[in-house]
Amino acid sequence: MKKIICLLFTAGILAGSTLQASFTDAFTKSNESSSTAKEIILDDVVAMDALQEFKSLSRVDRKMRMTEAKTKLKEFKAQKQAGSDPSTNTILLAILAILLPPLAVYLHEGTINGKFWLSILLTLLFWIPGVIYALIVVL
């Protein structure tokens, strides 16, 4: 749901429509209210309004907005990753890869995926291959 809202918000910003105003109104209202139930209701209302506006567009406009929103989202994620301090994180992950290889792989990847399970398997079979694999993944 949050991903859809983010994409629709980005598409609204790109198109310069009234969607941006409705999002900013909803966010200021949600910041003023202290109840989380009101925030959830406002978020749902804003999402429904954005979805209705999005559905009212032609197919070509929808496709164009979605591609623009996806590119903006990729740019945002790239900026977010570029802003972090990679040297400190890499050093800490390398130390952790030596001590606990699967944990280092999990923290680097952010999810439990095939690399994580392979790291666990290599660490359980023999500790050294698990360390080597974790260092390869982290570095």
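Preceding this section is the structure that the text describes.
So, how was this worked out
Throughout this description, residue numbers start from 1 for each chain and increase along the sequence as written. The predicted origin of the model limits local features to residues at a pLDDT of at least 70 and limits the giving and counting of side-chain atom pairs to 80 or more, whereas totals for whole chains, interfaces and linings rest on all residues. Only hydrogens and water are set aside; all other atoms, that is, all heavy atoms of the structure, feed into the side-chain values. Between rings of Phe, Tyr and Trp, where Trp is taken as its six-membered ring, a pair exists when centres lie within 6.5 Å; planes separated by under 30 degrees are stacked, by over 60 edge-to-face, and by other angles tilted. Starting at the N terminus, helices and strands are each numbered in turn, a helix being any DSSP run of H or I of at least four residues and a strand any DSSP run of E of at least two. Working definition: with a 1.4 Å probe on protein chains only, accessible area under 20% of the residue-type maximum means buried, over 50% means exposed, and in between means partly exposed. Patches here: salt-bridge-free residues with over 30% relative accessible area, like charges joined within 9 Å, nonpolar side chains (Val, Leu, Ile, Met, Phe, Trp, Tyr) joined within 5 Å. In this description, accessible areas are obtained by the Shrake-Rupley approach with a 1.4 Å probe, and a residue is regarded as covered only by the protein chains that are shown. For salt bridges, the criterion is a side-chain nitrogen of Lys or Arg within 4 Å of an Asp or Glu carboxyl oxygen. Asp and Glu are treated as the negative residues and Lys and Arg as the positive ones, with His and the ends of the chain left uncounted. A charged residue contributes its charge at one atom only: NZ of Lys, CZ of Arg, CG of Asp or CD of Glu. Throughout this description, a polar contact denotes any pair of N or O atoms lying within 3.5 Å of each other; where both atoms belong to protein, one of them has to be capable of donating a hydrogen while the other can accept it, and for residues adjacent in sequence the pair is counted only when both atoms sit in side chains. Residues count as neighbours in contact if any of their non-hydrogen atoms are within 4.5 Å of one another. Angles run from 0 to 180 degrees between N-to-C directions of axes, and those axes are lines fitted to C-alpha atoms, restricted for helices to the stretch in contact. Every angle not falling under 35 degrees, over 145, or within 65 to 115 is termed oblique; those three ranges are roughly parallel, roughly antiparallel and roughly perpendicular. When residues are grouped by polarity, Ala, Val, Leu, Ile, Met, Phe, Trp, Tyr, Cys and Pro land in nonpolar, Asp, Glu, Lys and Arg in charged, and all others, Gly among them, in polar. Residues belong to one nonpolar core when they are buried, are Ala, Val, Leu, Ile, Met, Phe, Trp, Tyr or Cys, and are joined through side-chain atoms within 4.5 Å. Definitions for this section: a left-handed crossing has its near helix turned counterclockwise from the far helix by less than a right angle. A right-handed crossing has that turn clockwise.

Undergrad: Please explain the packing of aromatic side chains as it appears in this structure.
TA: Between two aromatic rings, the relevant description is the distance of the centres plus the angle of the planes. This structure, assessed with the given rule, holds 2 aromatic pairs. On the numbers, 6.1 Å between centres and 65° between planes, the contact of Tyr106 with Phe116 is edge-to-face. Of the two residues, Tyr106 is situated in helix α6 (residues 101-109) and Phe116 in helix α7 (residues 114-125); the sequence distance between them amounts to 10 residues. On the basis of relative accessible area, Tyr106 is assigned to the partly exposed category, the value being 32%. Geometrically, the ring pair formed by Phe116 and Trp117 is edge-to-face, given 5.3 Å between the ring centres and 70° between the ring planes. Put simply, the rings of Tyr106, Phe116 and Trp117 touch in pairs and so form one group of aromatic residues.

Undergrad: Quick question: what am I supposed to make of a positive patch on the surface here?
TA: Together, Lys55, Arg59, Arg62 and Lys63 make up a region of like positive charge exposed at the surface. At 3 residues, helix α4 (residues 59-83) tops the list of elements feeding residues into the positive patch. Among the structural elements, Lys63 can be located in helix α4.

Undergrad: Explanation requested: the side chain of Thr123 in the structure shown.
TA: By the secondary structure assignment, Thr123 is in helix α7. The buried category is assigned to Thr123, whose relative accessible area is 18%. At 2.6 Å, the side chain of Thr123 and the backbone oxygen of Ser119 are in polar contact. Beyond its immediate stretch of four places on either side in the chain, Thr123 contacts Pro101, Pro102 and Gly130.

Undergrad: What am I meant to see in the pattern of salt bridges here?
TA: Applying the stated criterion across every chain, the model contains 1 salt bridge. Lys115 is paired through a salt bridge with Glu109; the nearest N and O atoms lie 3.7 Å apart.

Undergrad: How do you make sense of the packing of α6 against α7 when you look at a structure like this?
TA: Relative placement of two packed helices is described by the angle separating their axes and the distance separating the axes. Running from amino to carboxyl end, α6 crosses α7 at an angle of 170°, the nearest separation of the two axes being 8 Å. If you check the angle between α6 and α7, you find them roughly antiparallel. For the pair formed by α6 and α7, the contact residues are Pro101, Pro102, Val105, Tyr106 and Glu109 on the first element and Lys115, Phe116, Ser119, Ile120 and Thr123 on the second. Taken together, the residues of the contact of α6 with α7 break down into 6 nonpolar, 2 polar and 2 charged.

Undergrad: Hey, could you run me through the nonpolar core in this one?
TA: For soluble globular proteins, nonpolar side chains are generally found buried alongside one another. Counting 10 residues, the largest nonpolar core consists of Leu93, Leu96, Ala97, Ala104, Val105, Phe116, Tyr133, Ala134, Val137 and Val138. Contributing elements (two or more residues each) for this core: α5 (86-99), α6 and α8 (127-138). Of all the elements, α8 adds the most residues to this core, at 4 residues. Filtering out sequence-adjacent residues up to four positions away, Val105 remains in contact with Lys115, Phe116, Ser119, Ala134 and Val137.

Undergrad: In this structure, what is going on with the packing of α6 against α8? I would like to understand it.
TA: Look at α6 against α8: their axes get within 9 Å of each other, and the N-to-C directions meet at 20°. Put simply, α6 runs roughly parallel to α8. Viewed along their axes, α6 and α8 form a crossing whose handedness is left-handed. Across the interface between the two elements, Pro101, Ala104, Val105, His108 and Glu109 of α6 pack against Trp127, Gly130, Val131, Ala134, Val137 and Val138 of α8. When grouped by side-chain class, the residues that make up the contact of α6 with α8 number 8 nonpolar, 2 polar and 1 charged.

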